[in-house]
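# A closer look at the structure
One-letter residues, chain by chain:
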Amino acid sequence: TYLPDNIVPQGWDSWGKDVNHLTYSENQRHGSGSDTSNRVKWGIKLRSEELQALTNISYIDTEGWIRQLPINVVE
(Lines give C-alpha, C1' and ligand atoms only; values in the text may rest on other atoms or scores of the structure.)
Protein backbone atom coordinates (compact mmCIF):
# COMPACT_ATOMS: atom_id res chain seq x y z
CA THR A 1 0.00 0.00 0.00
CA TYR A 2 1.26 3.47 -0.84
CA LEU A 3 0.80 5.82 2.11
CA PRO A 4 1.28 9.52 1.26
CA ASP A 5 2.52 12.17 3.68
CA ASN A 6 -1.04 13.15 4.69
CA ILE A 7 -1.25 9.98 6.82
CA VAL A 8 -1.10 11.08 10.44
CA PRO A 9 1.90 9.65 12.32
CA GLN A 10 -0.23 7.63 14.78
CA GLY A 11 -1.90 5.96 11.76
CA TRP A 12 -5.20 5.33 13.50
CA ASP A 13 -7.61 6.92 15.95
CA SER A 14 -9.99 4.86 18.07
CA TRP A 15 -12.37 7.87 18.38
CA GLY A 16 -12.47 7.34 22.14
CA LYS A 17 -13.61 3.72 21.85
CA ASP A 18 -12.19 0.77 23.77
CA VAL A 19 -9.14 -0.37 21.83
CA ASN A 20 -9.60 -3.92 23.14
CA HIS A 21 -12.24 -4.31 20.44
CA LEU A 22 -10.15 -2.94 17.58
CA THR A 23 -7.37 -4.38 15.50
CA TYR A 24 -4.99 -2.14 13.60
CA SER A 25 -2.28 -3.53 11.39
CA GLU A 26 -0.33 -2.46 8.31
CA ASN A 27 1.41 -4.63 5.77
CA GLN A 28 3.76 -3.96 2.86
CA ARG A 29 3.45 -0.21 3.00
CA HIS A 30 5.66 2.35 1.31
CA GLY A 31 5.65 6.08 0.71
CA SER A 32 6.27 9.14 2.84
CA GLY A 33 3.47 8.23 5.29
CA SER A 34 4.64 4.67 5.90
CA ASP A 35 6.98 5.31 8.84
CA THR A 36 5.53 3.31 11.77
CA SER A 37 7.79 4.70 14.52
CA ASN A 38 4.99 6.95 15.86
CA ARG A 39 2.04 4.62 15.28
CA VAL A 40 -0.46 3.79 18.01
CA LYS A 41 0.95 1.40 20.60
CA TRP A 42 -1.99 -0.99 20.25
CA GLY A 43 -1.24 -1.72 16.59
CA ILE A 44 -0.12 -5.26 15.84
CA LYS A 45 2.11 -6.98 13.31
CA LEU A 46 0.33 -9.88 11.63
CA ARG A 47 2.16 -12.95 10.41
CA SER A 48 1.66 -13.78 6.72
CA GLU A 49 -0.70 -16.65 7.59
CA GLU A 50 -2.86 -14.37 9.76
CA LEU A 51 -3.02 -11.70 7.09
CA GLN A 52 -3.97 -14.22 4.41
CA ALA A 53 -6.73 -15.66 6.59
CA LEU A 54 -8.23 -12.22 7.33
CA THR A 55 -8.13 -11.05 3.70
CA ASN A 56 -9.43 -14.27 2.17
CA ILE A 57 -12.79 -13.80 0.45
CA SER A 58 -14.27 -16.76 2.35
CA TYR A 59 -13.60 -14.87 5.61
CA ILE A 60 -14.75 -11.48 4.35
CA ASP A 61 -17.86 -12.79 2.60
CA THR A 62 -19.14 -15.31 5.15
CA GLU A 63 -22.73 -14.14 4.55
CA GLY A 64 -22.42 -14.16 0.76
CA TRP A 65 -23.27 -10.50 0.16
CA ILE A 66 -20.22 -9.85 -2.05
CA ARG A 67 -21.00 -12.76 -4.35
CA GLN A 68 -24.58 -11.47 -4.70
CA LEU A 69 -23.51 -8.11 -6.13
CA PRO A 70 -24.65 -7.46 -9.73
CA ILE A 71 -21.03 -7.18 -10.83
CA ASN A 72 -18.20 -9.64 -10.20
CA VAL A 73 -15.79 -8.04 -7.71
CA VAL A 74 -14.22 -11.28 -6.47
CA GLU A 75 -12.08 -12.29 -9.43
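The rules behind these values
- Residues numbered from 1 in each chain as written.
- Predicted model: local features only at pLDDT ≥ 70, side-chain atom pairs only at ≥ 80, totals over all residues.
- Heavy atoms only, no water.
- 1 Å grid on protein atoms, 1.4 Å probe; cavity = no way out; pocket = protein on both sides within 12 Å on 5 of 7 lines; lining within 4 Å.
- Points joined across faces, edges and corners; volume = space filled by probe spheres on them.
- Nonpolar A, V, L, I, M, F, W, Y, C, P; charged D, E, K, R; others polar.
- UniProt positions renumbered as here; feature names shortened; annotations may be inferred.
- Helix = DSSP H or I, 4+ residues; strand = E, 2+ residues; numbered from the N terminus.
- Phe/Tyr/Trp six-rings, centres within 6.5 Å; stacked < 30°, edge-to-face > 60°.
- Salt bridge = Lys/Arg side-chain N within 4 Å of Asp/Glu carboxyl O.
- Buried < 20%, exposed > 50% of the residue type's maximum accessible area, 1.4 Å probe, protein only.

With that settled, consider the layout of surface pockets. Roughly 160 Å³ of volume is contained in the largest pocket. Partitioned by chemical class, the residues of the lining of the largest pocket number three nonpolar, five polar and three charged.

As recorded in UniProt, the sites labelled "domain: Pectinesterase catalytic" (unreviewed entry) are residues 2–61. The span residues 2–61 shows a helical share of 20% and a strand share of 0%, and its end C-alpha atoms are spaced 25 Å apart.

Our focus in this paragraph is the packing of aromatic side chains. Within this structure, the stated rule accounts for three aromatic pairs. Every member of this aromatic cluster is reached through a ring pair, and the members are Trp 12, Trp 15, Tyr 24 and Trp 42.

What follows covers the pattern of salt bridges. Opposite charge on two side chains lets them pair, provided their charged atoms get close. Taken as a whole, this structure holds five salt bridges when the rule is applied. A salt bridge links Glu 49 to Arg 47; the shortest N-O distance between them is 3.3 Å. Accessibility assignment for this pair places Glu 49 and Arg 47 in one class, exposed. For Arg 47, the salt bridge is made with Glu 50, and the minimal N-O distance between the two is 3.5 Å. Here the salt bridges do not stand alone but share partners, grouping Glu 26, Arg 29 and Arg 39 into one network.

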